[in-house]
Amino acid sequence: MIYTTNAIESVNMSLSKITKSRGSFPNDDALIKLYYLAPRNISKKWTMPIQNWKAALNRFTIMFEERMPQYESKSRLHKIEDALARHTTCFRY
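Before going into details, it helps to say that this report is about the structure given with it. (Residues numbered from 1 in each chain as written. Predicted model: local features only at pLDDT ≥ 70, side-chain atom pairs only at ≥ 80, totals over all residues. Heavy atoms only, no water.)

**Looking at the overall build of the protein**
(1) Moving on: When its secondary structure is counted, the protein shows four helices and zero strands.
(2) Moving on: Overall, the protein shows an N-to-C arrangement of helices and strands of α-α-α-α.
(3) Moving on: Residues classed as buried in the protein amount to 9% of the 93 residues present.
(4) Moving on: For the protein, the exposed surface amounts to about 9300 Å²; the carbon and sulfur share of it is 58%. (Helix = DSSP H or I, 4+ residues; strand = E, 2+ residues; numbered from the N terminus. Buried < 20%, exposed > 50% of the residue type's maximum accessible area, 1.4 Å probe, protein only. Areas by Shrake-Rupley, 256 points an atom, 1.4 Å probe, with all protein chains shown as cover.)

**Examining the nonpolar core**
(1) Moving on: Core analysis: the biggest nonpolar cluster contains five residues, these being Leu15, Ile18, Leu34, Ala38 and Ile42.
(2) Moving on: For this core, the elements supplying multiple residues, two or more each, are helix H1 (5–22) and helix H2 (28–44).
(3) Moving on: With three residues, H2 is the single largest residue contributor to this core.
(4) Moving on: Ignoring sequence-local partners within four residues, the contact set of isoleucine 18 consists of Leu34 and Ala38. (Core = buried A, V, L, I, M, F, W, Y, C linked by side-chain atoms within 4.5 Å. Contact = heavy atoms within 4.5 Å.)

**Let's talk about a nonpolar patch on the surface**
(1) Moving on: A grouping of Ile50, Trp53 and Leu57 is seen on the molecular surface, where their side chains present a nonpolar patch of about 290 Å² in accessible area.
(2) Moving on: Topologically, isoleucine 50 is positioned in the loop between H2 and helix H3 (53–63).
(3) Moving on: Classification of isoleucine 50 as exposed rests on a relative accessible area of 57%. (Patch = residues over 30% accessible without salt bridge, like charges linked within 9 Å, V, L, I, M, F, W, Y side chains within 5 Å. Salt bridge = Lys/Arg side-chain N within 4 Å of Asp/Glu carboxyl O.)

Spelled out as structure tokens, the structure:
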């Protein structure tokens, strides 16, 4: 379970603050653009790491496997073997 109430309330408060300080908008597209760009500035203020993110990411990977990027992980031994193979091929006669 991910506890996001405080994070969501923080984003809502920041968006409300932004729209109140503007007063009025010339058209709907101006408001949509503001709401599109606002999270960039809001997220820069976040300094705390997300609690239990690793467990959440594992759960998302199980539930949404087709949407998650795939990473090839090699063991340290395989990485060393690959480096040695590249190194020795340079010195063959």
